[in-house]
Amino acid sequence: MSQPTIQSAEQIVLFGAAGDLSKRKLFAALYHLYNENLLVDDVKIIGVARIEFDDAAFQAFVKESLNTFIGEQINDEKVEQFILHFSYVKLDFAEQKAFKSLAKVLKGDVYTLYYLATPPSIYGLIADGLNAHKLNSEYARVVMEKPIGNDLESSKVINDLVSRHFEESQIYRIDHYLGKETVLNLLSLRFANSLFSTNWDHTCIDHVQITVAESVGIEGRWGFYDGTGQMRDMVQNHLLQILSLLAMEPPTDLSSENIRDEKLKVIKALRKIDHSNIQDKTVRGQYTKGHMNGDKVPGYLEEEGANVNSSTETFVAIKAEIDNWRWAGVPFYLRTGKRMACKHSEVVIHFKHQPHNIFDSSFTQLPANKLTIRLQPDEGVELTVMNKVPGITKELQIRETKLDLSFSDLKDASRVIDAYERLILSAINGNAGLFIRRDEVEASWQWVDSIMAAWENSNEAPKSYASGSWGPVSSISLIARDDREWDE
Ligand code: BG6
């Protein structure tokens, strides 16, 4: 199918418009884009869901969501203008005929963005319905939310169903971490600074740590979460995307395909973890009751709706290794969990120790340099270097000093731009670079499936950790076995 020259979407169709993601994120992202004049002037935003709304009731629903989730920064006058761009179509996704009502309100040959914020199990039905009414022309783009499937096989099924009616170039798979300022900054840090790019391999780097700690529990999502777990919910997508941006070779340019080709090579080079090495390379955990900010919180098995026999993991730690020239012998330690001590995501690059220590009066072993990239909250970059202690002493004394490379502009900005805003804008403008290609999704599932299968066959329950802690004790042993420790 030949692609038209990409222009900004004139029609945006939100499937799942009454759902949580729309309420919390999508309406707000569109509102901010509208305020910044980044949407076409007469953009039409059509909400689609199963529940009963007329246009006015839907506009009121959008307004209420904006007031709840944007809060004080909202401009009432702008909101009144903005909601006039919204209309609503009630539609049962299983009924192909019902898509006729959507076809009636859409213009034919204008660039249209379909945002699928529904459960992935119905992406295929939506694609069929759009096709049945010729709503999948070359002017259409489809944004698909994660999780695409629960494993490699189910992700192939979903992707096959959608790709019966849309070309790969029309499909935008979201991983909202790729819309985060700090995650994107990894590209500039690595490739715009020779200081880092020339030292970014096994000759200079000892190991890398990636931590994505969340303080939240499962927030009333037991049904969804228990069938998913932290490995599928966070590692398969967000952590592997961060890892691939950190580890990929320099792409020839910033084009979507070149970046995605390089990321894919990293994921494919991840050393397989299976029953033979699962004990050494992974730890899975499940939170028990504890305290968060002084308040008592229930354990995972005591959450509302819980199945008390569940062995779903809410914490994962992995020692990942990349079998290629650049990263031979450099472990990437990954760690993510719910109900951890605080919300804190960061990447720490640990450089190698100096080969010889002439400052043994200050340190028996010289601390190594560290580059810390705080992804959220309190975004910033810090380089730990050794420095002379100022003043006069009998022997020359040195100490660790942190150079703060924080993004001062970010801190001064009147608001932090949400990842969804950046991603929706990219999709509206047909820029696929921040979205995941099918082969990346599949390679990630392949690596993750092998770990999940090994856990299932091990018959070993997840290790407990108290809510408000940094995870099970065995996650400390995972890294301590290599004479290293987690950055806290
Ligand atoms: C989502 C997961 O993809 O990312 C959630 O489904 C998780 O379980 C969330 O809480 C974390 O996102 P963020 O942007 O708050 O780090």
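An account of the accompanying structure is given in this report. (Residues numbered from 1 in each chain as written. Predicted model: local features only at pLDDT ≥ 70, side-chain atom pairs only at ≥ 80, totals over all residues. Heavy atoms only, no water.)

1. As for the site of the ligand
The immediate surroundings of the ligand are formed by K146, H176, Y177, K180, E214, R221, D233, M234, H238, K338, K343 and Q376. K338 has a polar side-chain atom sitting 2.9 Å from an oxygen atom of the ligand. Burial of the ligand by the protein chains amounts to 78% of its free accessible area of 400 Å². Residue contributions to the shell around the ligand peak at three residues, all from helix α10 (residues 229–247). Classifying every residue of the shell around the ligand gives two nonpolar, three polar and seven charged. (Near = heavy atom within 4 Å. Polar contact = N/O pair within 3.5 Å; in protein donor to acceptor, adjacent residues only side chain to side chain. Areas by Shrake-Rupley, 256 points an atom, 1.4 Å probe, with all protein chains shown as cover. Helix = DSSP H or I, 4+ residues; strand = E, 2+ residues; numbered from the N terminus. Nonpolar A, V, L, I, M, F, W, Y, C, P; charged D, E, K, R; others polar.)

2. Observations concerning the packing of aromatic side chains
Any two aromatic rings considered together are summarised by their centre-to-centre distance and by the angle between their planes. Inspection of every chain in the model, using the stated rule, returns 24 aromatic pairs. Where Y225 meets Y300, the ring centres are 6.1 Å apart and the plane angle is 70°; that geometry is what we call edge-to-face. Of this pair, Y225 sits in helix α9 (residues 222–226) while Y300 sits in the loop between β10 (295–297) and β11 (315–320), and the two are 75 residues apart along the sequence. One exposure class covers both Y225 and Y300, and it is buried. One aromatic cluster in this structure is built from F27, Y31, Y34, F53, F58, F61, F82, F86 and Y88. The ring of Y177 has K180 sitting right over it, with the charged end atom 4.6 Å from the ring centre. (Phe/Tyr/Trp six-rings, centres within 6.5 Å; stacked < 30°, edge-to-face > 60°. Buried < 20%, exposed > 50% of the residue type's maximum accessible area, 1.4 Å probe, protein only. Lys NZ or Arg CZ within 6 Å of the ring centre and 35° of its normal.)

3. Looking at the packing of helix α1 (residues 20–35) against helix α2 (residues 55–70)
As a packed pair, α1 and α2 sit with axes 9 Å apart at the nearest point and diverge in direction by 95°. In terms of their interaxial angle, α1 and α2 are classed as roughly perpendicular. Of the residues in α2, those touching α1 at K23, R24, F27, A28, Y31 and H32 are F58, F61, V62, S65, L66, F69 and I70. When the residues that make up the contact of α1 with α2 are grouped by side-chain class, the tally is nine nonpolar, two polar and two charged. (Axes fitted to C-alpha atoms, helices over the stretch in contact; angles between N-to-C directions. Parallel < 35°, antiparallel > 145°, perpendicular 65-115°, else oblique. Contact = heavy atoms within 4.5 Å.)

4. Topic: the pattern of salt bridges
Any two side chains of opposite charge can pair, on the condition that their charged atoms come close. Applying the stated criterion across every chain yields a total of 30 salt bridges. Between R484 and D206 there is a salt bridge whose closest N-O contact spans 2.9 Å. In this pair, R484 is assigned in the segment after α16 (473–480) and D206 in strand β7 (residues 205–213), connecting sequence segments 278 residues apart. Exposure remark for R484: the relative accessible area of 18% places this residue in the buried category. R437 serves as the salt-bridge partner of D261, at 2.8 Å between the closest nitrogen and oxygen. You can see D261 sitting in helix α11 (residues 256–268) and its partner R437 sitting in the loop between α14 (419–428) and α15 (438–458), a full 176 residues away along the chain. By sharing partners, the salt bridges in this structure join K146, E214, R221, D233 and K338 into a single network. (Salt bridge = Lys/Arg side-chain N within 4 Å of Asp/Glu carboxyl O.)

5. Things to note about the packing of α2 against helix α3 (residues 76–83)
For any two helices packed against each other, the geometry comes down to the angle between their axes and how far apart the axes lie. One way to put it is that α2 packs onto α3 with a least axis distance of 10 Å and a crossing angle of 145°. You can see that α2 and α3 cross each other, and the crossing is right-handed. Of the residues in α3, those in contact with Q59, V62, K63, L66 and N67 of α2 are D76, V79, E80, F82 and I83. Split by residue class, the contact of α2 with α3 holds five nonpolar, two polar and three charged. (Left-handed = near helix turned anticlockwise from the far one by under 90°.)

6. Description of the pairing of strand β1 (residues 11–15)
Buried residues dominate β1, accounting for five of its five residues. The alternating pattern of β1 places Q11, V13 and F15 and I12 and L14 on opposite faces, both of which are buried. Here β1 runs beside strand β4 (residues 112–116); their pairing, made up of five bridges, is parallel. Within the sheet, the bridge partner assigned to V13 lies in β4 and is Y114. Handedness of the crossover joining β1 and strand β2 (residues 44–49) through α1 is recorded here as right-handed. (Pairing = 2+ DSSP bridges. Right-handed = clockwise from strand over helix to strand, strands pointing away.)

7. Topic: the sheet that holds strand β17 (residues 463–466)
Here we have nine strands laid out as an open sheet, ordered β16-β15-β14-β13-β7-β12-β11-β8-β17, and mixed in their pairing. Unpaired on one side and paired on the other, β16 (398–404) and β17 mark the two borders of the sheet. On average, adjacent strands in this sheet sit at an angle of 20° to one another, irrespective of strand direction. In this fold helix α7 (residues 181–191) packs onto β14 (370–376) and β15 (380–388), with an angle of close to 150° to the strand it touches most, β14. Strands in contact with α15 are β8 (282–288) and β11; relative to β8, the strand with the most contacts, it is inclined by about 70°.

8. Some remarks on the nonpolar core
Judged by nonpolar contacts, the single largest core of 86 residues is most densely connected at F15, L102, L246, I318, F332 and W447. Setting aside its immediate chain neighbours within four residues, I318 contacts M231, V235, I273, K281, T282, F332, Y333, L334, W447, I451 and L478. One finds Y31, A49, I74 and L423 within the second-largest nonpolar core, a separate group that totals 43 residues. (Core = buried A, V, L, I, M, F, W, Y, C linked by side-chain atoms within 4.5 Å.)

9. Considering the sheet that holds β1
Strands sit in the order β3-β2-β1-β4-β5-β6 across an open sheet of six strands; the sheet is parallel. Two strands lie at the open edges of the sheet, namely β3 (86–90) and β6 (171–173), each paired on one side alone. The sheet shows a mean angle of 20° between the axes of neighbouring strands, taken without regard to direction. Bridge analysis of strand β5 (residues 140–144) against β6 gives three bridges, and the strand direction is parallel. Bridged to M144 within β6 is R173. In the packing of α1 onto the sheet, the strands contacted are β1, β2, β3 and β4, and the crossing angle to β1 comes to about 170°. α14 rests against β1, β4, β5 and β6 of the sheet, and its axis sits at about 140° to β4.

10. Some words on the environment of I424
Its place among the elements puts I424 in helix α14. We classify I424 as buried; its relative accessible area is 4%. Taking the C-alpha atoms as reference points, I424 and L33, separated by 391 residues in sequence, lie 8.9 Å from one another. Those residues within four positions of I424 in sequence are excluded, and the remaining contacts are L26, A29, L30, L33 and Y115.

11. A look at α11
Every α-helical turn comprises 3.6 residues, leaving residues that sit three or four positions apart pointing alike. Relative to the 18 Å expected for 13 residues at 1.5 Å per residue, α11 spans 18 Å between its end C-alpha atoms, a close match to the ideal helical length. Those residues of α11 that fall on the buried side of the exposure criterion are S256, I259, R260, E262, K263, L264, V266 and I267. Residues of α11 that are buried in the fold lie against α7, α10 and α15. (Expected span 1.5 Å × (residues − 1).)

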